[in-house]
Amino acid sequence: MKCRTIVITSGKGGVGKTTATANIAAALAQSGYKVVAVDGDVGLRNLDVIMGLENRIVYTLIDVIEGNCRLNQALIRDKRLDSLYMIPTAQSKTKDAVSAEQMEKICADLAPDFDFILIDSPAGIEAGFRNAAAGAAEALVVTTPEVSAVRDADRIIGLLESMGKSPIKLIVNRIRPEMVKRGEMLSVDDVLDILAVDLVGVIPDDKSIITSANSGEPLIFSAATKAGEAFKNISKRICGERVPFMDLFDNDGGVWASIRRFFSKG
Ligand code: ADP
Ligand code: MG
């Protein structure tokens, strides 16, 4: 299979890009694909922590670029899933430490050895976004169901289109079904009415995401959670499988459940 290179980005910061990168990478690897997650958010360096690999870092992406090591020396293999790898970035550098050309070269050099390259990036309005995204053909845009985040996502979708990324798909993160039900939160359909891209998945707001980030255990490694299921479903949809959207409303039987299921995609 030809390697697919996907940047995970957003308009607004803090909406769940790094969480999505780590969990989708792990889910794809669990399905048997050889996956590398690249931390393209230079200066923040979060991906290694969320993946629980921070103690294994010897070299970073910046070392590769500066010629301090070979590319494969910066690759960390996840001991829990042997087809999952990551390349960390450096904390001490500024966001423009990696140029677009350098990122393209890194991706081109990784491509022959992998099925998927997932690039965690800064938010689209920040410096460094264009460089992080340069090596990717495809994009996943993460938004939360807040008006400001959706508005910023719309701008970034335009930017990604002008950069020629295709397909561009949407993840709606941190949905709280009970708030949607009470009309206190935008529904997924509201978000889709505003953004002209295809939905690839919906992640509920789930405290297991916080505990999993703190312990460095991607959700698929622990007991089943709705958020973990949602990430697995996203990885299947990325691979072209038709997976029905999950019902985020708990324990509801009967007609109302099916009506709600129709409106609440997961
Ligand atoms: P970004 O990379 O876009 O800045 P992160 O992935 O670092 O965002 O997530 C920001 C914060 O939100 C983290 O503390 C993370 O644990 C939390 N978070 C992300 N998604 C969810 C979710 N679905 N439910 C609960 N907390 C979440
Ligand atoms: Mg991040």
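As the structure is a computational prediction, the values presented were derived from the model and not from experiment. (Residues numbered from 1 in each chain as written. Chains lettered and ligands numbered in written order. Predicted model: local features only at pLDDT ≥ 70, side-chain atom pairs only at ≥ 80, totals over all residues. Heavy atoms only, no water.)

**A word on the sheet that holds strand S8 (residues 198-204)**
Paired through their backbone hydrogen bonds, the strands of a sheet run either parallel or antiparallel. Across the sheet, which stays open at both edges, the 8 strands sit in the order S3-S4-S2-S5-S1-S6-S7-S8 with mixed pairing between neighbours. Because the sheet does not close on itself, it has two edges, and the strands there are strand S3 (76-77) and S8. Pairing analysis gives 2 bridges linking S3 to strand S4 (residues 84-87), with the strands arranged antiparallel. When the sheet's bridge partners are listed, Arg-77 is paired in S4 with Tyr-85. Across the sheet, helix H1 (residues 17-30) lies against strand S1 (4-9), strand S2 (35-39), S4, strand S5 (116-120), strand S6 (138-143) and strand S7 (168-175), angled at about 165° from S5, the strand it touches most. (Pairing = 2+ DSSP bridges. Helix = DSSP H or I, 4+ residues; strand = E, 2+ residues; numbered from the N terminus. Contact = heavy atoms within 4.5 Å. Axes fitted to C-alpha atoms, helices over the stretch in contact; angles between N-to-C directions.)

**Focus: the UniProt feature "domain: CobQ/CobB/MinD/ParA nucleotide binding" (unreviewed entry) in the chain**
UniProt records the feature "domain: CobQ/CobB/MinD/ParA nucleotide binding" (unreviewed entry) for residues 6-219 in the present numbering. For residues 6-219, the end-to-end C-alpha separation is 20 Å, with 37% helix and 19% strand making up the annotated structure. (UniProt positions renumbered as here; feature names shortened; annotations may be inferred.)

**Here we look at the site of ligand 1**
In the vicinity of ligand 1, 14 residues are found, and the nearest of them are Lys-17, Thr-18, Thr-19, Asn-173 and Asp-206. Here an oxygen atom of ligand 1 and a side-chain polar atom of Thr-18 are 2.8 Å apart. Take Asn-173: an N or O atom from its side chain is 2.8 Å from a nitrogen atom of ligand 1. Compared with its free state, where it exposes 560 Å², ligand 1 has 81% of that area covered by protein. At 3 residues, the largest contribution of residues to the shell around ligand 1 is made by H1. (Near = heavy atom within 4 Å. Polar contact = N/O pair within 3.5 Å; in protein donor to acceptor, adjacent residues only side chain to side chain. Areas by Shrake-Rupley, 256 points an atom, 1.4 Å probe, with all protein chains shown as cover.)

**Quick word on the packing of H1 against helix H11 (residues 226-238)**
Contact geometry of H1 with H11 gives a least axis separation of 8 Å together with a crossing angle of 65°. Relative to H11, H1 is oriented roughly perpendicular. The handedness of the crossing between H1 and H11 comes out as right-handed. Residues Thr-19, Ala-20, Asn-23, Ile-24, Ala-27, Leu-28 and Gln-30 of H1 lie in contact with H11, whose contacting residues are Phe-231, Lys-232, Ile-234, Ser-235 and Ile-238. Across the contact of H1 with H11, the residue classes break down as 7 nonpolar, 4 polar and 1 charged. (Parallel < 35°, antiparallel > 145°, perpendicular 65-115°, else oblique. Left-handed = near helix turned anticlockwise from the far one by under 90°. Nonpolar A, V, L, I, M, F, W, Y, C, P; charged D, E, K, R; others polar.)

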